[in-house]
Amino acid sequence: DMKFKSILVGLLAAVLYATSAAAQTTVTQTTLSSAATVASTQVTVAATAGIAAGSTLFVDREAMLVNSINTTSRIAQVSRGQGGTGAAAHAGRPGV
């Protein structure tokens, strides 16, 4: 019946809205401490605050999924070229 469908659609919209709001996170800015080659599976960042396993790092036009982060050495193990971006070399100290 139409009333049931309307209620169901409203509940679904509320759940989707709540889920997307909960997924919002703070944007953290740092830099790479050293260059990264195309084949690198780890990157060293200047600061680790706000970076955790499951985070995505954006360096230049590349997205990297953080698999793990060592807060002492500031080394992140990453999966490169996420979300349709391509793995690329990153020289110097690009922003993250």
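Scroll up to find the structure this text is about.
Residues numbered from 1 in each chain as written. Predicted model: local features only at pLDDT ≥ 70, side-chain atom pairs only at ≥ 80, totals over all residues. Heavy atoms only, no water.

1. Considerations on the overall build of the protein chain
Here comes step 1: Regarding its fold elements, the protein chain presents one helix and four strands.
Here comes step 2: Counting from the amino terminus, helix and strand elements in the protein chain follow one another as α-β-β-β-β.
Here comes step 3: Taking as baseline every contact in the protein chain between residues at least 6 positions apart, the subset at least 24 positions apart corresponds to 48%.
Here comes step 4: Accessible area for the protein chain stands at about 6,400 Å²; split by element, carbon and sulfur atoms hold 61% of it. (Helix = DSSP H or I, 4+ residues; strand = E, 2+ residues; numbered from the N terminus. Contact = heavy atoms within 4.5 Å. Areas by Shrake-Rupley, 256 points an atom, 1.4 Å probe, with all protein chains shown as cover.)

2. Structural notes on the pattern of salt bridges
Here comes step 1: For the coordinates displayed, the defined rule picks out one salt bridge.
Here comes step 2: Of the charged contacts in the structure, one is a salt bridge between arginine 80 and glutamate 62, with a shortest N-O distance of 2.6 Å. Remark: glutamate 62 occurs in strand β3 (residues 62-70) and arginine 80 occurs in strand β4 (residues 75-82); sequence separation between them is 18 residues. (Salt bridge = Lys/Arg side-chain N within 4 Å of Asp/Glu carboxyl O.)

3. Looking at unusual backbone geometry
Here comes step 1: Notably, aspartate 60 is not glycine yet its phi reads approximately 55°, a positive angle.
Here comes step 2: Topologically, aspartate 60 is positioned in the loop between β2 (56-59) and β3.
Here comes step 3: Here aspartate 60 falls in the exposed class, since its relative accessible area comes to 54%.
Here comes step 4: Even without a glycine there, the phi angle at arginine 74 is positive, about 65°.
Here comes step 5: Inspection of the secondary structure assignment puts arginine 74 in the loop between β3 and β4. (Buried < 20%, exposed > 50% of the residue type's maximum accessible area, 1.4 Å probe, protein only.)

4. Looking at the nonpolar core
Here comes step 1: Ranked by size, the top nonpolar core spans 12 residues in total: Leu32, Ala36, Val43, Val45, Ile51, Leu57, Val59, Met64, Val66, Ala76, Val78 and Val96.
Here comes step 2: Breaking this core down by element, the ones donating at least two residues are β2, β3 and β4. (Core = buried A, V, L, I, M, F, W, Y, C linked by side-chain atoms within 4.5 Å.)

5. A closer look at the pairing of β2
Moving residue by residue along a regular strand, the side chains alternate between the two faces of the sheet.
Here comes step 1: Because side chains alternate across β2, one face comprises the buried residues Leu57 and Val59, and the other comprises Thr56 and Phe58, none of which is buried.
Here comes step 2: As paired elements, β2 and β3 share four bridges and run antiparallel to each other. Residue pairing for β3: leucine 57 is matched across the bridge by methionine 64.
Here comes step 3: Joining the antiparallel neighbours β2 and β3 is a turn of two residues, in which aspartate 60 adopts a positive phi near 55°. (Pairing = 2+ DSSP bridges.)

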